[in-house]
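# Per-entry structural report
For reference, the chains in residue letters:
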Amino acid sequence: MKNNETVSVIIPVYNVEKYLRKCLDSIISQTYKDIEIICVNDGSKDNSLDILKEYEQKDERIKIIDKPNGGLSSARNSGLDVASGKWCYFVDSDDSIDVRTIETCVKYMKQYDVDCVVHYFVNIPEDESCVSMAQSTEDWLNCRKKETGLYEVPINISAEIPAVAWNKLYKMEIIKKYNCRFPQGLINEDEEFVWTYFIHCKTYYNINDCLYFYLRRNTSIMGQRNKSVKILDILKIHMHIYDIVSKYKNIDEYKAALTQNYIQTAEWLFSFTPVEYQRRFLKYMKSYIKNVNNDKQIKLLYKKLKHQVFVNKIKAIRGAYSHVIKHYKNVLYSNSKRGIKKILNAKIKELSAALNDLQQNANSKISELSDAMNNQQKEYKSKLEELSNALNVQKK
């Protein structure tokens, strides 16, 4: 392991006895042999640790860290703390990689002397219930697909580079110098790590080849996140990213990109945030505007989503109101005289009309805010293009 061309492969492990053997087999079979395999057992309650010990007896390159449960970020950070390789590669323990993966990444890392090598991956749904989840990831990835080749790291990192930790070969030199780590206790931690690393990079090599096999399953962290309040961690991650960029870079150069990323993420996230968490969503967004980035476009989005929460509340009231009215209407109709029935019908129509007016006004306001946001977005895209062109001229 003293060879300076060792790759540290870090595998966080938690309750994956069903998938772990396939993952480990794919790694010990790599055509690139100079690897250390760091398996971090994060307090598994199944037979995962026993499987790791079994493989440790088969392959001396395997190192086991056995620790109390601390979450995915904690496990990965523990692996980084002991990694001794020149380069680093992450594999999740329910996934697997092509036997050529490490060799291919090292080849281009050395040939082009880049700061990172990125490659694509295959989405594998565990069963039919995971097909749509896998397809959504595929659609997200396809928006960022690039031809094989050498690229400069852009200002808007998220627009080009998939914000996942595991499809990349990293330089440990950069990770150590800037103490790149995963934020503990939060989901979507990969995006923060990717930004923390790539703002210190100049170039990367992209391989338009699928060398990683990403298993989509409902019981994984990603499969469960949309059903929990933890989904709002994504907004916290964006606050962290802004602070990290501010620490190391001229924030004025990145502000337009960070603003656009936040807006796109917030709109996407709100679209499937459960109704019971939407008010908390707005609270986090308000905090971002107050403490981090008070850009006009983000304020417009906040107002738009605030009105949408109001519309959703009206719909909920209407649903509850309709059920109650139907019940009492039947009771009163069976016991009331004709005149009382007419009064009751008039009141019901009056209340329905009031609710309709409220909803129409809210929808109209949302439409106005959407138009304002679109105009502001066009202006920001233009400014971002001008800034990118100016920076390219400076580099030349």
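Above this text sits the structure in question.
### Quick notes on the pattern of salt bridges
According to the stated counting rule, one finds 16 salt bridges in the structure shown. A salt bridge links Asp 42 to Lys 67; the nearest nitrogen and oxygen atoms lie 2.6 Å apart. Of this pair, Asp 42 sits in strand β2 (residues 35–42) while Lys 67 sits in strand β3 (residues 62–67), placing them 25 residues apart in sequence. Each of the two residues, Asp 42 as well as Lys 67, counts as buried. The closest approach of N and O atoms between Asp 190 and Arg 76, which form a salt bridge, is 2.6 Å. Here Asp 190, found in helix α8 (residues 189–198), pairs with Arg 76, found in helix α3 (residues 72–82); they are 114 residues apart in sequence, far enough to count as distant. Because the salt bridges share partners, they merge into one network encompassing Arg 21, Glu 54 and Lys 58.

### A closer look at the packing of α8 against helix α10 (residues 233–248)
It is the contact of α8 with α10, at a shortest axis distance of 9 Å, that shows an interaxial angle of 10 degrees. By the criterion of interaxial angle, the relationship of α8 to α10 is roughly parallel. Together, Glu 189, Glu 191, Glu 192, Trp 195 and Thr 196 of α8 and Ile 237, His 238, His 240, Ile 241, Ile 244 and Val 245 of α10 make up the contact between the two elements. When its residues are assigned to classes, the contact of α8 with α10 shows 5 nonpolar, 3 polar and 3 charged.

### Points about unusual backbone geometry
One non-glycine residue, Asp 113, adopts positive backbone phi at about 50 degrees. Relative to the assigned elements, Asp 113 resides in the loop between α4 (101–112) and β6 (116–125). A positive phi angle, close to 50 degrees, is found at Asn 179, a residue other than glycine. Relative to the helices and strands, Asn 179 is located in the loop between α7 (172–177) and α8.

### Brief notes about the state of the cysteines
Using the criterion set out here, one finds 0 disulfides in the structure. As a non-bridged cysteine, Cys 23 has Cys 39 as the owner of its nearest cysteine sulfur, 7.6 Å distant. With no disulfide of its own, Cys 105 has Cys 116 as its nearest cysteine by sulfur position, at a separation of 8.5 Å.

### Re the side chain of Asn 77
With respect to the element layout, Asn 77 can be found in helix α3. Reaching out from Asn 77, the side chain makes a polar contact with the backbone nitrogen of Phe 182 at a distance of 2.9 Å. Beyond its immediate stretch of four places on either side in the chain, Asn 77 contacts Arg 181, Phe 182 and Gln 184.

### Remarks on the packing of α10 against helix α12 (residues 278–291)
Contact geometry for α10 and α12: axes closest at 10 Å, N-to-C directions at 10 degrees. By the angle between their directions, the pair α10 and α12 is classed as roughly parallel. Contacts between α10 and α12 involve Leu 235, Lys 236, His 238, Met 239 and Tyr 242 from the first element and Phe 281, Tyr 284, Ser 287 and Tyr 288 from the second. By residue class, the composition of the contact of α10 with α12 is 6 nonpolar, 2 polar and 1 charged.

### Focus: the packing of aromatic side chains
The description of an aromatic ring pair rests on the distance of the ring centres and on the angle between the ring planes. A full pass over the atoms with the stated rule returns 21 aromatic pairs. A ring pair is formed by Tyr 112 and Tyr 205, whose centres lie 4.6 Å apart and whose planes are at 20 degrees; its orientation type is stacked. Of this pair, Tyr 112 sits in helix α4 while Tyr 205 sits in strand β9 (residues 203–216), and the two are 93 residues apart along the sequence. The class of Tyr 112 is partly exposed, set by a relative accessible area of 34%. Ring geometry for Phe 198 versus Tyr 204: centroids 6.3 Å apart, planes at 90 degrees, classification edge-to-face. Residue Phe 198 shares its accessibility class with Tyr 204, and that shared class is buried. Among the aromatic residues, those joined into a ring-pair cluster are Phe 90, Tyr 151, Tyr 170, Phe 182, Phe 193, Tyr 197, Phe 198 and Tyr 204. Stacked on the ring of Phe 90, the Lys or Arg Arg 76 has its end atom at 5.8 Å from the ring centre. Above the plane of the ring of Phe 182 lies Arg 76, whose end atom (NZ or CZ) is 4.8 Å from the centre.

### Considering the pairing of β2
The element β2 is largely enclosed, with a buried count of 8 among its 8 residues. Bridge count between strand β1 (residues 7–13) and β2: 7 bridges; the pairing is parallel. Bridging across to β2, Ser 8 finds its partner in Glu 36. Crossover β1 to β2 through helix α1 (residues 20–28) is right-handed. Both β2 and β3 contribute to a ladder of 6 bridges, which runs parallel. Bridge pairing in β3 places Ile 37 opposite Ile 62. What joins β2 to β3 is helix α2 (residues 48–58), and the crossover it makes is right-handed.

Conventions we followed
- Residues numbered from 1 in each chain as written.
- Predicted model: local features only at pLDDT ≥ 70, side-chain atom pairs only at ≥ 80, totals over all residues.
- Heavy atoms only, no water.
- Salt bridge = Lys/Arg side-chain N within 4 Å of Asp/Glu carboxyl O.
- Helix = DSSP H or I, 4+ residues; strand = E, 2+ residues; numbered from the N terminus.
- Buried < 20%, exposed > 50% of the residue type's maximum accessible area, 1.4 Å probe, protein only.
- Axes fitted to C-alpha atoms, helices over the stretch in contact; angles between N-to-C directions.
- Parallel < 35°, antiparallel > 145°, perpendicular 65-115°, else oblique.
- Contact = heavy atoms within 4.5 Å.
- Nonpolar A, V, L, I, M, F, W, Y, C, P; charged D, E, K, R; others polar.
- Disulfide = S-S within 2.5 Å.
- Polar contact = N/O pair within 3.5 Å; in protein donor to acceptor, adjacent residues only side chain to side chain.
- Phe/Tyr/Trp six-rings, centres within 6.5 Å; stacked < 30°, edge-to-face > 60°.
- Lys NZ or Arg CZ within 6 Å of the ring centre and 35° of its normal.
- Pairing = 2+ DSSP bridges.
- Right-handed = clockwise from strand over helix to strand, strands pointing away.

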